[in-house]
Amino acid sequence: MAQTPSTRDRLVTQAALLFQRKGYHGVGMAEILDAAQAPKGSLYHHFPNGKSDLALAAAHFAADQMLQILDASFKDADSLRDGVTTFCYKLAKLFDINDKWIGCPVSATLFESPTNTEFRQATCDIFQMWLDATVRHATSKGATEAKARALADALWMTLQGAWSLSRVRGSSNPIKTVPALVLRDE
């Protein structure tokens, strides 16, 4: 029997989806509470600083989801190329089937407050976690440390741009071209 998500988990999940679609400033607390089917008091019980605490939790939740996709993509991959390709195609599929995945889940939440040092540090930590995981996977598939770091940077920079171009074009094709762009020397 599936366990019913806790109020906290519902708040975090719904906030992550709403921030991703509308950005941090485009979402009101009433909208999050309604989507999570949670009473107002529960927000401040779980997130004493309100929306900013919830945004940080939502960004970390989304970051963990992305890391799970990355890890799953490399788990059974025969090569570095297979892992990167599988990862990009999984993201493209999410783009195609889920209108909730219209932007980077972390950027949409945390970049809208550039003067918020806590958000900026959280974003830095999350992207570093993704980069480190990519390096770990690349080295496990035979890349040198230096090549793995260069690949990780290229992959995440290119994915950010490809996601934006996919949104503009209404097609996941730019995301699907990322492996060819970042692995052209492979």
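Details of the structure are given in the entry above.
Counting from 1, residues in each chain are numbered in the order their sequence is written. Given that this is a predicted model, residues contribute local features only at a pLDDT of at least 70 and side-chain atom pairs are listed and counted only at 80 or more, while totals for whole chains, interfaces and linings are drawn from all residues. Just so you know, side-chain values use all the structure's heavy atoms and leave hydrogens and water out.

Student: Quick question: what am I supposed to make of the environment of Arg 184 here?
Tutor: Helix numbering and strand numbering both begin at the N terminus, where a helix is a DSSP run of H or I of at least 4 residues and a strand a DSSP run of E of at least 2. Structurally, Arg 184 is set in the segment after α10 (178-182). Note on exposure labels: buried denotes an accessible area under 20% of the residue type's maximum, exposed denotes more than 50%, and partly exposed covers the range between, all computed with a 1.4 Å probe on protein chains only. Take Arg 184: its relative accessible area is 63%, and that puts it in the exposed class. For the pair Arg 184 and Arg 81, spaced 103 residues apart in the sequence, the C-alpha separation amounts to 9.9 Å.

Student: Teacher, can you tell me more about the pattern of salt bridges here?
Tutor: A pair can form between side chains of opposite charge whenever their charged atoms are brought close. Take a side-chain nitrogen of Lys or Arg and a carboxyl oxygen of Asp or Glu: if they are within 4 Å of each other, that pair is a salt bridge. Considering all chains together, one arrives at three salt bridges under this definition. The shortest N-O distance in the salt bridge between Glu 31 and Lys 22 comes to 2.5 Å. You can call Glu 31 partly exposed: its relative accessible area is 28%. Among the salt bridges present, the one from Arg 149 reaches Asp 132, with a minimum N-O distance of 4.0 Å. Of this pair, Arg 149 sits in helix α8 (residues 145-169) while Asp 132 is found in helix α7 (residues 117-140), placing the two residues 17 residues apart along the sequence. Judged by relative accessible area, which is 33%, Asp 132 ranks as partly exposed. Within this structure, Asp 132, Glu 145 and Arg 149 form a network of salt bridges that share partners.

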